[in-house]
Amino acid sequence: GKRAGNTEGSTTGGGWKPTPSDQELILGQQTWTMIDTLIGLVWEPEVQQEKVYVTASQFFRRGMRSGHIRMLGDALRGAVAEAVGEERFDETARNAWEWFWRDLSSWLVRELDSLSAGVPDTVLRTWKQVNATVEVENLGEIFWTQVTYEAPEQTNLYRLPLRMWGFLFKHIVNMLVLSARQPERFYGELFDLVIRHIRYGVRAEFLNPMGKAIMSVLAETLGDAWDDVAIDAWKTVFRRVANSMARGLNLGANSVTHGLVSGNVEAFEKALSVAPRESRADWLCKVDCNGLAISPLYWAIDDGKLTIAEFILGDLLTIRVDMKRYYYGRQELFEYHSDLLQELASKCPKLVQVVLDGLMWHSKEKSGRKVRVNYYIADLYGDPSKNADVWTSPLAVLARMCDNETFTHPASKKVLELKWQRFGLKGFLLNELIFAVILTLFLLEHLFDIHQAACATGVKGLASSSHVEIALTAISGLIVAFHLFMCMIQIYTGKMVTPEWTTVIKVPRHLTNPWNILRLVSVVLIFIVYFIEDHCGDHSSRRGHLSGREGPSLDALRQAKEHEAHEAGVDAMAGEDFEVSGPLAIKAVVVLLIWSQMVQLTMLSHRMAAFTYSLGYMARDLFHTFAMVTVLLLAFASALSILREPPYDSFGLTITALLNSGLNLEEPHIEGLSWLSHAFFTLFSVGFISMIAILIASLTSTYEHLETEKHAYALKARAEVCLEIEDMLPIAWRQRIYNDLGFADPLPFGKDDLGPPGGIQFWELDSCERYNPDRIMRFTGSGGEKDPWPESIEVVTS
């Protein structure tokens, strides 16, 4: 648009109107935002004032002063009247607007006048003087003395040495200075400030005595600089901050927060005893502080008050019933704490078991050896509409952050069982079937001579390949494309993680699974070796052919050699040294990789999966020991080689001799050697035997440890497979599977006795170690939803 300083303008409507400048447009937008916000806060005048403090600071920086407020009011009133129309802007509307603008304008005038008087500059200047002239220890002593005099009850809140009292004073005053010079930033940090003070046990009535102590410290440290201007400036700033703090403390400090601050479970339970039945779960899940909701559960966990945290979880997950309805806080717990399991697993893992226990109910009535079991695991299973990313779902948190024993709990086992039966097993078998087909074709091609079948032609790189080779190449290409597609999708969606072996590089989560890497390497090698081959048959040759140069086939070489040997009367293959060509070497490696993937089939059996886990776990102990043995072997082989005493004058031969000696495969040749070589052999033997002894002891200890957790590992490994497969499913399929489980339907506790929804019911044996028959608390009496639960209860048999 045109600048206001220009002579050009708009002539719409028959009259000339200047085009507003950019600064005027910004000021107009800020004014409109202020009015819109303050009208929305008309029932919260304290919050309105805080918004005015911020807006006045912005207006002042743009050149507005208190003398402009009357003109601003007239302009706003005229704009409102024009916008709504003269008929609708009647006397009632005008009176309402005047009432609204009267308070607003008085606040703006007061704040703009204080800014014009240099209150922020005065506060900053005098505080810099105190900082420059008073040591922190002396400041702490003065502050402690004044607090003891003005507010002795508050000294118990801050049990600190005098030096820390000095730093506390600096922190308080820095916040006051911040509120004067950067009100936007201060009010952005006000919530955390209020929460900290509530946790300290500070109450609103403590603020005025603390203010007197602060003013006394400033008066004593500033001396003559503590004049009327400084006094008015500091009182203005403290009054504003104290009002905001008092509002937050009054809203957030209630009986529940006091119980949290005290850390006393009995006090907390007593505060909760007056909660209406329908609101009890809400009281336990959120506390309003300064207009924002915080979680008492997370509060207790962050403060290390785990007994209160355990009480909150136990109370929320207790099933209660009166004469009218059931009450169960599971839904509120997970609704207000979407990251519940992650928080518990990272800060207090033992509470995860408390949650899992609270998601089960067992009937006391039996049918033979079986009882009715309700698993309230809808949130543990994870609604795809709320957990679109599989790797942030509750099951993923359990697999990634909790120990193996978590998966032995019936609730987590049931979630895993549902996912495994619905889609995990099918996806796993399909994946294994593909590689079983590859393995079968590979074996038929290279071990059973079907590669002599007719060769297909017409494709460059596959001109003389067999049909089996073409099939393997095509399948491998498709699998490579699939893995690359998964990696690209995860890169696009931000599913990048840092593997355990590095702290710098991030890779797609798909590549953190060693089985996926093994599969990808296998099919890439198959695709490469078959694509670069251009003839059927073997690729073996004599020495020098490993580089891949073409030569006659092994059969032709063997026939020619046998013919020559027959005529000469000698052994056909005597003295010959055959080497394997590059393609065949790759194929040999590939077949080992594919066979190793068949090991994952052991996951179908808990016993076999546990055995595989044991082998893998002990392999780590073997690796550590072998690494030390390798260092020992190289060290003594180097020392013996340097001595140049036959037959140990060659480094390679010395390594072989030491290894054979250590494994007792042959006696070492030590006759005629120097005393130093004898000493080296002796030290090596002692070190080698010690390493083996340590390895045996370590493996024994490891096996005993594994006996207690190998079953849990098998379940955890299966969970990771389920997550991998679930991540490949379209979100619509996942949602349909979730809906088919019927979590929205109420679960019965007995015939015609419908309880809360959110779970699934099974008949199971009563041998479960978590068996807790009918843990429902049943209340008699005529109380309703608005009444608190009675302190003394009468348990009614179901």
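Please read all numbers here as calculations on a predicted model, not as lab measurements.

Draft legend 1. Spatial organisation of the packing of aromatic side chains. Going through the model one piece at a time under the given rule, you end up with 22 aromatic pairs. On the numbers, 6.5 Å between centres and 5° between planes, the contact of Trp97 with Trp101 is stacked. Taken as a pair, Trp97 and Trp101 lie in helix α4 (residues 91–116) at a separation of four residues, close to a single helical turn. On the basis of relative accessibility, which here comes to 8%, the residue Trp97 falls in the buried class. With a centroid separation of 4.7 Å and 70° between ring planes, the pair formed by Trp361 and Phe749 is classed as edge-to-face. With Trp361 in strand β7 (residues 360–367) and Phe749 in strand β13 (residues 748–750), this residue pair connects regions lying 388 residues apart in the sequence. When its relative accessible area of 2% is taken as the criterion, Trp361 is described as buried. On the basis of relative accessible area, Phe749 is assigned to the buried category, the value being 7%.

Draft legend 2. Structural view of the sheet that holds strand β6 (residues 326–327). Here we have three strands laid out as an open sheet, ordered β6-β5-β16, and mixed in their pairing. If you trace the sheet from one side to the other, it starts and ends with β6 and β16 (777–778), each paired once. Judged from the two bridges that link them, strand β5 (residues 320–321) and β6 form a sheet pairing that is antiparallel. Bridged to Arg320 within β6 is Tyr327.

Draft legend 3. The side chain of Thr31, seen in detail. Here Thr31 lies in helix α1 (residues 22–40). Classification of Thr31 as buried rests on a relative accessible area of 7%. Filtering out sequence-adjacent residues up to four positions away, Thr31 remains in contact with Phe59, Leu72 and Leu76.

Draft legend 4. Region of interest: the pattern of salt bridges. For the coordinates displayed, the defined rule picks out 28 salt bridges. The residue Arg734 makes a salt bridge to Glu726 at a minimum N-O spacing of 3.6 Å. Taken individually, Arg734 and Glu726 each receive the classification buried, so the pair is uniform in this respect. Here Asp774 makes a salt bridge to Arg778, at a shortest N to O gap of 3.6 Å. A residue is classified by how much of its surface remains accessible, and Arg778, at 10% relative accessible area, is buried. Each of Asp74, Arg77 and Glu98 takes part in a single network of salt bridges with overlapping partners.

Draft legend 5. Examining the sheet that holds strand β8 (residues 370–375) more closely. A sheet is described by the order of its strands in space; here three strands give the open sequence β7-β8-β15, paired in antiparallel fashion. Since the sheet does not close on itself, it has two edges, and those belong to β7 and β15 (760–765), each with one partner. Taken pair by pair, the neighbouring strands of this sheet meet at an average axis angle of 25°, ignoring direction. Both β8 and β15 contribute to a ladder of six bridges, which runs antiparallel. Residue pairing across strands places Lys370 opposite Leu765, the latter belonging to β15.

Draft legend 6. A look at the side chain of His337. Among the structural elements, His337 can be located in the loop between α16 (330–336) and α17 (340–347). Within the structure, His337 has its side chain in polar contact with the backbone oxygen of Leu333 (distance 2.8 Å). Other than its neighbours up to four places away in sequence, His337 contacts Cys285, Ser295, Leu297, Tyr298 and Glu332.

Draft legend 7. Just the packing of helix α3 (residues 69–84) against α4, in detail. One can describe the packing of α3 onto α4 by two numbers: an axis separation of 10 Å at closest approach and a directional angle of 150°. Taken together, the axes of α3 and α4 lie roughly antiparallel to each other. Seen along the crossing, α3 lies across α4 with a hand that is right-handed. Residues Ile69, Leu72, Gly73, Leu76, Arg77 and Val80 of α3 touch α4, and the partners they reach there are Trp97, Glu98, Trp101, Ser105, Leu108, Val109 and Leu112.

Draft legend 8. How the structure looks around α17. Those residues of α17 not exposed but buried are Leu340, Leu341, Glu343, Leu344 and Ala345. Looking at the buried residues of α17, the elements they touch are α14 (296–302), α15 (306–316), α16, α18 (350–358), α19 (378–381) and α20 (394–401).

Draft legend 9. Summary view of the packing of helix α7 (residues 162–181) against helix α10 (residues 228–252). Where α7 meets α10, the axes come as close as 10 Å, and the angle between the chain directions of the two elements is 95°. When the interaxial angle is binned, α7 and α10 end up roughly perpendicular. Mapping the contact onto sequence places Val173, Leu176, Val177, Ser179 and Ala180 in α7 and Trp234, Val237, Phe238, Arg240 and Val241 in α10. In terms of residue class, the contact of α7 with α10 is built from eight nonpolar, one polar and one charged.

Draft legend 10. Spatial organisation of helix α11 (residues 255–262). When α11 is considered as a whole, its buried residues turn out to be Val256, Thr257, Gly259 and Leu260. Relative to the axis of α11, the buried residues are bounded by an arc of 155° and lie together on one face.

Draft legend 11. Local environment of the confidence of the model for the chain. For the chain, per-residue confidence averages 82 on the pLDDT scale, and 85% of positions sit at 70 or higher. The low-confidence segment residues 450–464, where pLDDT is below 50, has 34 contacts with residues more than four positions distant or belonging to other chains. This model gives residues 793–798 a pLDDT under 50, and the stretch forms 12 contacts once residues within four places in sequence are excluded.

Draft legend 12. A nonpolar patch on the surface, seen in detail. Taken together, Leu425, Leu429, Leu601 and Leu604 make up a surface patch of nonpolar side chains, about 280 Å² in accessible area. Here Leu425 falls in the partly exposed class, since its relative accessible area comes to 31%.

Cut-offs used in this document
Residues numbered from 1 in each chain as written. Predicted model: local features only at pLDDT ≥ 70, side-chain atom pairs only at ≥ 80, totals over all residues. Heavy atoms only, no water. Phe/Tyr/Trp six-rings, centres within 6.5 Å; stacked < 30°, edge-to-face > 60°. Helix = DSSP H or I, 4+ residues; strand = E, 2+ residues; numbered from the N terminus. Buried < 20%, exposed > 50% of the residue type's maximum accessible area, 1.4 Å probe, protein only. Pairing = 2+ DSSP bridges. Contact = heavy atoms within 4.5 Å. Salt bridge = Lys/Arg side-chain N within 4 Å of Asp/Glu carboxyl O. Axes fitted to C-alpha atoms, helices over the stretch in contact; angles between N-to-C directions. Polar contact = N/O pair within 3.5 Å; in protein donor to acceptor, adjacent residues only side chain to side chain. Parallel < 35°, antiparallel > 145°, perpendicular 65-115°, else oblique. Left-handed = near helix turned anticlockwise from the far one by under 90°. Nonpolar A, V, L, I, M, F, W, Y, C, P; charged D, E, K, R; others polar. Arc of directions from axis to C-beta. pLDDT = per-residue confidence, 0-100. Patch = residues over 30% accessible without salt bridge, like charges linked within 9 Å, V, L, I, M, F, W, Y side chains within 5 Å. Areas by Shrake-Rupley, 256 points an atom, 1.4 Å probe, with all protein chains shown as cover.

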